[in-house]
Structure formats: structure tokens, C-alpha cells
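A structural walkthrough
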Amino acid sequence: PGGAGLGLRALGVVVAVDAIAVKCGVLAAEVSQEGSLWQALLPALVLLRQFWAVDPAGSLLRSRLLRFVFAGADGFLGARDEALVQAWLGRLARGVWARAWG
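What you are looking at is a predicted structure, and each value in this text was computed from that prediction instead of being measured.

Thresholds, definitions, all that
Residues numbered from 1 in each chain as written. Predicted model: local features only at pLDDT ≥ 70, side-chain atom pairs only at ≥ 80, totals over all residues. Heavy atoms only, no water. Helix = DSSP H or I, 4+ residues; strand = E, 2+ residues; numbered from the N terminus. Expected span 1.5 Å × (residues − 1). Buried < 20%, exposed > 50% of the residue type's maximum accessible area, 1.4 Å probe, protein only. pLDDT = per-residue confidence, 0-100. Patch = residues over 30% accessible without salt bridge, like charges linked within 9 Å, V, L, I, M, F, W, Y side chains within 5 Å. Areas by Shrake-Rupley, 256 points an atom, 1.4 Å probe, with all protein chains shown as cover. Salt bridge = Lys/Arg side-chain N within 4 Å of Asp/Glu carboxyl O. Phe/Tyr/Trp six-rings, centres within 6.5 Å; stacked < 30°, edge-to-face > 60°. Contact = heavy atoms within 4.5 Å. Polar contact = N/O pair within 3.5 Å; in protein donor to acceptor, adjacent residues only side chain to side chain. Core = buried A, V, L, I, M, F, W, Y, C linked by side-chain atoms within 4.5 Å.

A few points about helix 4 (residues 79-101)
Compared with an ideal rise of 1.5 Å per residue, which puts 23 residues at 33 Å, helix 4 spans 33 Å between its outermost C-alpha atoms and is within 8% of the ideal. For helix 4, the set of buried residues is Asp81, Val85 and Leu89.

So this is what it looks like as C-alpha cells:
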């Protein structure tokens, strides 16, 4: 069971590294061409923006998923709902720990 997940993660890493290499190659080609500073700087800023957007997208997805699962019909997480989320996350962490190192 763990081998298939490991293989998919390895494939994901290979694809991500390849995508970064392609983007860096495009960036190097853009910068090496003669032109104004803005023409060279804009692709670099776009690449940095793509790198920085990865983490906020993950946390936004996580919060929306938890709200979908644990909030009521109104979509609001109250104090009781927050406590359920924390308990669930704790049990999830304990299960991951037990499976990996238990």
C-alpha cells in the first residue's frame, strides 16, 4: 500500500522539478534578450509570484474543506465546530504517527 503512494509522490516531485526547470529556462531566455529592464524583470516577478502562491492556495483549500465538512448549513464554524475540527486533526495526526512510526 505504501509503495503506490510513494511512487505517486516521486512522480509529482519529478513533474514539479521539470516544470520549475522549464520556467527557469524560459526566464533565462527572456532575461538574456536585449531589452528594457522591465522586459527582463517581469518574467522573474511572474515566476516568484507563482512560487509564493503555492502555500496560500493550500491553506485556503484546507480551510474551505474543513468548513465544508464541519460547519453547519450556514457555513459558519462556531466554537463547537472548531473544537470538532481540532479533535479530528489530533486524531488524524495520531493515526499518521502510529502508522508511520508505531
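Observations concerning the confidence of the model for the protein chain
Overall, the prediction assigns the protein chain a mean pLDDT of 80, with 86% of residues at 70 or greater. Element-level mean pLDDT values for the protein chain span from 74 in helix 2 (residues 37-52) up to 91 in helix 4.

A word on a nonpolar patch on the surface
A contiguous nonpolar patch, built from Ile20, Trp38, Leu41, Leu45, Leu48, Phe51 and Trp52 and spanning about 740 Å² of accessible area, is present on the exposed surface. If one sorts the elements of the nonpolar patch by residue count, helix 2 sits on top with 6 residues. Along the polypeptide, Ile20 turns up in helix 1 (residues 2-32).

Considerations on the packing of aromatic side chains
Enumeration according to the criterion identifies 2 aromatic pairs in this entry. A ring pair is formed by Trp97 and Trp101, whose centres lie 4.7 Å apart and whose planes are at 40°; its orientation type is tilted. Linking Trp97 with Trp101, this pair stays in helix 4, spanning 4 residues, or about one helical turn. Each member of the pair Trp97 and Trp101 is classed as exposed.

Topic: the environment of Asp81
Tracing the sequence through the fold places Asp81 in helix 4. Using a relative accessible area of 18% as the deciding quantity, one classes Asp81 as buried. With 10 residues separating them in the primary sequence, Asp81 and Ala71 have C-alpha atoms 6.3 Å apart. Once residues lying within four places of it in the same chain are set aside, the contact partners of Asp81 are Phe70, Ala71, Gly72 and Phe76. Among the polar contacts listed, one links the side chain of Asp81 to the backbone nitrogen of Gly78, at a separation of 3.1 Å.

Quick word on the nonpolar core
Formed by Leu66, Phe70, Ala71, Leu77, Val85 and Leu89, the largest nonpolar core amounts to 6 residues. At the level of elements, helix 3 (54-70) and helix 4 are the ones that each hand at least two residues to this core. When residues no more than four places from it in sequence are discounted, the contact partners of Ala71 are Leu66, Phe76, Leu77 and Asp81.

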